[in-house]
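# Structural overview
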Amino acid sequence: MEGTNPVNKKLAAALSGGAVLVLALSGCSSDDGNKELDAWAKQVCDALPAQDAKVDAANAAIKQAATDNNAPANVQKTDSQAFQDMSDAYSALAQAVQKAGSPPGVDEGEKKQKDAVSALTTLSTSYAALKKQVDALETKDQAKFADGLQDIATDLGKLSKSGNTALKNLEQGDVKDAMAKQDSCKKVATSASARATTS
């Protein structure tokens, strides 16, 4: 089974640095904030920890599947489920941002909200496509399986980067300050930075 090992490692490597929702939250938020915006931020932030944990667990599963001598069929099954979980998580986040509406009192708030929903929905669709891709791989032929995983690793690397930018445009100015105050967002930011230092 040694033939699959280097490629599995590439797949795992594509994930490193791809922390899910790297919220660029500053710790210094002003307390004289907008109560309506704070309520909006709480609604969005409260949806983040569960989905962040889901994507983190999926990333961990892919890395675990990349261990030495893991059979192609096992790798395929694990990666397929992981990509499905990622797709579900980003879909749930898109719905949360959609449900929250545009951030009140923010310049171009509606556009930023729509752009974030669109970016998260695209990510969800992209991970669903990766699931189909991995499901279609030929596990009996190790060379073909390795080639297929290589393609998926390339796509995964791109997605990991875009995952980090999906909410960035929304998280600016007053929105960033309002989100930085929320315990649920602080929790996600802390776990993301912890992952970044250990990966």
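Structural data are supplied above this passage.
Bear in mind the structure is a predicted one, so any value in this text is a computation, not a measurement.

## Focus: unusual backbone geometry
Although it is not a glycine, Glu108 adopts a positive phi angle of roughly 55°. Secondary-structure assignment places Glu108 in the loop between α3 (72-100) and α4 (109-135). On the accessibility criterion, Glu108 (57% relative accessible area) is exposed.

## Here's the deal with the pattern of salt bridges
Scanning the entire structure with this criterion turns up five salt bridges. In this structure, Asp46 and Lys42 form a salt bridge, with 2.6 Å as the shortest nitrogen-oxygen distance. One end of the pair, Asp46, and the other, Lys42, are both in helix α2 (residues 35-65), four residues apart, so they sit about a helical turn from each other. A relative accessible area of 42% places Lys42 in the partly exposed class.

## Things to note about the environment of Asp79
Inspection of the secondary structure assignment puts Asp79 in helix α3. Given a relative accessible area of 0%, Asp79 falls into the buried group. On a C-alpha basis, the gap between Asp79 and Ala66 in space is 9.7 Å, while along the polypeptide they are 13 residues apart.

## Section: α4
Relative to the 39 Å expected for 27 residues at 1.5 Å per residue, α4 spans 39 Å between its end C-alpha atoms, a close match to the ideal helical length. When α4 is considered as a whole, its buried residues turn out to be Gly109, Lys112, Gln113, Ala116, Val117, Leu120, Leu123, Ser124, Tyr127, Leu130 and Val134.

## Details of the packing of aromatic side chains
Per the stated rule, a full pass over the model turns up two aromatic pairs. Plain terms: the ring middles of Phe83 and Tyr127 are 6.4 Å apart, the flat faces sit at 25° to each other, and that makes the pair stacked. Pair noted here: Phe83 is in helix α3 and Tyr127 is in helix α4, with a separation of 44 residues, a long-range link. Accessibility classification places Phe83 together with Tyr127 in one group, the buried group.

## A word on the side chain of Ser87
Within the secondary structure, Ser87 is located in helix α3. Excluding residues within four positions of it along the chain, Ser87 makes contact with Ser124, Tyr127 and Ala128.

## Regarding the packing of α2 against α3
Relative orientation of the contacting elements α2 and α3 amounts to 170°, with a least axis distance of 9 Å. Considering the angle they form, α2 stands roughly antiparallel to α3. In terms of residue class, the contact of α2 with α3 is built from 20 nonpolar, four polar and five charged.

Cut-offs applied
- Residues numbered from 1 in each chain as written.
- Predicted model: local features only at pLDDT ≥ 70, side-chain atom pairs only at ≥ 80, totals over all residues.
- Heavy atoms only, no water.
- Helix = DSSP H or I, 4+ residues; strand = E, 2+ residues; numbered from the N terminus.
- Buried < 20%, exposed > 50% of the residue type's maximum accessible area, 1.4 Å probe, protein only.
- Salt bridge = Lys/Arg side-chain N within 4 Å of Asp/Glu carboxyl O.
- Expected span 1.5 Å × (residues − 1).
- Phe/Tyr/Trp six-rings, centres within 6.5 Å; stacked < 30°, edge-to-face > 60°.
- Contact = heavy atoms within 4.5 Å.
- Axes fitted to C-alpha atoms, helices over the stretch in contact; angles between N-to-C directions.
- Parallel < 35°, antiparallel > 145°, perpendicular 65-115°, else oblique.
- Nonpolar A, V, L, I, M, F, W, Y, C, P; charged D, E, K, R; others polar.

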